[in-house]
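A structural walkthrough
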Amino acid sequence: MKKQQQLYKGSLNTIIMKLLEQNGKMYGYEITQKVKEITQGEMNITEGALYPALHKMEAEGFLDVEMDKVDGRIRKYYKLTESGVKETVSRMEELENFIRNMQNIVTGPDLKTI
Amino acid sequence: MKKLSQEQIDQLFVFTKKHLVEHYDVQVELVDHLANAIEAEWEINPNISFTAALEKEYKNFGVFGFSGLVEQKQATLQNHYWNVIKREIRSFFSIPKIVLTLALFYVLFRFYSNPTELGEQLWFSLEVVLLIMTLALWIYQYRKIKNSHKKYLIQSISNYFYSLPCTLIVFFGFSVKSNPSLFTIVLSSTTTTLYILFVAVLFFKIIPLIKNEIGLTEKKFQHI
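Quick notes on the rules
- Residues numbered from 1 in each chain as written.
- Chains lettered and ligands numbered in written order.
- Predicted model: local features only at pLDDT ≥ 70, side-chain atom pairs only at ≥ 80, totals over all residues.
- Heavy atoms only, no water.
- Helix = DSSP H or I, 4+ residues; strand = E, 2+ residues; numbered from the N terminus.
- Buried < 20%, exposed > 50% of the residue type's maximum accessible area, 1.4 Å probe, protein only.
- Areas by Shrake-Rupley, 256 points an atom, 1.4 Å probe, with all protein chains shown as cover.
- Pairing = 2+ DSSP bridges.
- Core = buried A, V, L, I, M, F, W, Y, C linked by side-chain atoms within 4.5 Å.
- Domains from an automatic or database assignment.
- Contact = heavy atoms within 4.5 Å.
- Buried area = accessible area lost by both parts, 1.4 Å probe.
- Salt bridge = Lys/Arg side-chain N within 4 Å of Asp/Glu carboxyl O.
- Axes fitted to C-alpha atoms, helices over the stretch in contact; angles between N-to-C directions.
- Parallel < 35°, antiparallel > 145°, perpendicular 65-115°, else oblique.
- Left-handed = near helix turned anticlockwise from the far one by under 90°.
- Nonpolar A, V, L, I, M, F, W, Y, C, P; charged D, E, K, R; others polar.
- UniProt positions renumbered as here; feature names shortened; annotations may be inferred.
- pLDDT = per-residue confidence, 0-100.

**Observations concerning the overall build of chain A**
Check the secondary structure of chain A and you find 5 helices and 3 strands. Tracing chain A from N to C terminus, the helices and strands come up as α-α-β-α-α-β-β-α. Per-residue burial over chain A gives 39% buried out of 114 residues. Carbon together with sulfur atoms contributes 52% to the accessible area of chain A, which is approximately 6800 Å² in total.

This is the structure in structure tokens:
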């Protein structure tokens with residue numbers, strides 16, 4: 001499980017962006033729970049990794065924030081900006097390419113010759 | 001589903017402050033995160049106390065707790081604005097702005113090559129005035145933030161950038177030397193040119209950008 005977490009780590013920003021693309025706007029805690037739910041507990045985004053990633057993408061202009069009052073407290077929602085949407089498409093392409101290549105390596109017959 | 005009371009939410013704000021989070025925008029996000037986690041914990045374990053659930057969730061923030069998070073956010077924002085500064089300064093070394101840079105370098109080169117007594121005194125006075133001005137500006141900003149009811153993280157970034165012109169003067173200590181070598185003249189002209197470009201970019205590009213960001217942040221929180 002720990003080794004698997006390392007593999008997910010490199011794709012954290014792409015995962016967050018994809019989730020925001022699918023769900024419109026999300027808040028930090030919601031992202032951690034959604035990832036846990038989709039991966040059936042296999043992937044656990046820690047708070048120490050999630051917020052720096054969100055803040056970095058916000059500073060880069062890929063995410064915008066929106067505030068709302070929920071249950072007596074202020075909630076900070078993240079959503080993709082226009083450049084964030086474009087970036088998500090490009091990062092998803094890269095990720096799909098990576099997965100395809102890994103798949104080919106793992107299942108390919110020429111593995112011994114690498 | 002068991003929800004947090006207003007008193008418990010206030011306790012969470014106190015908890016974040018106690019753990020060195022002084023910026024309201026960061027506090028708000030952490031309070032909501034902790035509140036969600038505690039409420040989720042109550043779903044599974046209804047008998048756990050508020051304090052025990054809070055301590056349990058706080059452990060998930062790692063050994064550095066919230067301070068690591070604040071430092072990372074500050075570093076991210078500083079890096080972002082440093083990248084803008086680098087990009088803007090680079091533009092002064094490409095056409096057409098390079099003409100301005102070369103002209104500035106030439107004027108400074110001439111000035112450092114033939115220093116007169118009056119020039120030396122003027123240069124020193126200018127440096128002292130600039131030092132006092134930037135220091136006064138930094139103190140003004142620092143006090144303004146300190147006295148404001150709600151502090152936002154972006155304000156600490158603005159304070160950092162306001163302090164730079166003054167720090168750089170102290171660090172470089174631009175001075176005019178009598179009978180300078182060619183190396184000294186070129187070095188002084190280059191560092192002064194870069195300093196002037198840096199200050200120009202800082203005051204005409206970065207500070208307005210940060211001010212705009214502070215305004216946007218305040219507006220976002222005012223609407224709630």
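**A short note on the pairing of strand E3 (residues 73–80) of chain A**
All names here are of chain A. Extensive coverage of E3 is indicated by the burial of 7 of its 8 residues. In the sheet, strand E1 (residues 25–27) pairs with E3 via 3 bridges, with the strands oriented antiparallel. Considered in E3, the bridge of Met26 is made with Tyr78. Here 8 bridges tie strand E2 (residues 63–70) to E3, and the two strands are oriented antiparallel to one another. Bridge pairing in E3 links Leu63 to Leu80.

**Regarding the nonpolar core**
Within the largest apolar cluster, 72 residues are counted, with the highest numbers of intra-cluster contacts made by Ile16 and Ile31 of chain A together with Leu12, Phe161 and Ile206 of chain B. The element best represented in this core is helix H8 (residues 182–222) of chain B, accounting for 11 residues. Looking at which domains feed residues into this core, each of domain 1 (6–59) and domain 2 (67–221) of chain B supplies at least three. Core analysis: the next-biggest nonpolar cluster, separate from the first, contains 5 residues, Tyr29, Val70 and Tyr77 of chain A together with Ala37 of chain B among them.

**A short note on the interface of chain B and chain A**
Across the boundary between the two partners, chain B contributes 26 residues, which contact 23 residues of chain A. It is Glu29, His33 and Ile224 of chain B that lose the most area in chain B upon contact with chain A, and together they represent 25% of the buried surface on that side. One can count 6 salt bridges joining chain B with chain A. Note that Asp32 of chain B and Arg73 of chain A form a salt bridge whose closest N and O atoms lie 2.8 Å from each other.

**Considering the packing of helix H1 (residues 6–18) of chain B against helix H2 (residues 24–44) of chain B**
All names here are of chain B. H2 packs onto H1 with a crossing angle of 125 degrees between their chain directions and a minimal axis gap of 9 Å. With respect to their mutual orientation, H1 and H2 come out oblique. Considering how the two elements wind past one another, H1 and H2 form a crossing that is right-handed. Facing H1, whose interface residues are Gln8, Ile9, Leu12, Phe13, Phe15, Thr16 and Lys17, H2 presents Tyr24, Gln27, Val28, Leu30, Val31, Leu34, Ala35, Ile38 and Trp42. Classifying every residue of the contact of H1 with H2 by side-chain character gives 12 nonpolar, 3 polar and 1 charged.

**Remarks on the UniProt feature "domain: Transcription regulator PadR N-terminal" (unreviewed entry) in chain A**
Within this structure's numbering, the places UniProt gives as "domain: Transcription regulator PadR N-terminal" (unreviewed entry) are residues 16–87 of chain A. Helix makes up 53% of residues 16–87 of chain A and strand 26%. Its end C-alpha atoms lie 12 Å apart.

**Let's talk about the side chain of Lys76 of chain A**
Residue placement: Lys76 of chain A occurs in strand E3. A relative accessible area of 6% means that Lys76 of chain A is categorised as buried.

**Focus on the confidence of the model for chain A**
On average, residues of chain A score 86 in pLDDT, and 88% of them reach the 70 mark or higher. Model confidence for chain A, summarised as mean pLDDT per element, is weakest for helix H1 (residues 2–9) of chain A at 65 and strongest for E1 of chain A at 95.

**Description of the UniProt feature "transmembrane region" (unreviewed entry) in chain B**
Residues and elements named next belong to chain B. Taken from the UniProt record, the annotation "transmembrane region" (unreviewed entry) applies to residues 91–109, 121–140, 152–176 and 182–204. Split by type, residues 91–109 is 68% helix and 0% strand. Its first and last C-alpha atoms lie 21 Å apart. Taken end to end, residues 182–204 is 100% helix and 0% strand, and its first and last C-alpha atoms sit 33 Å apart.

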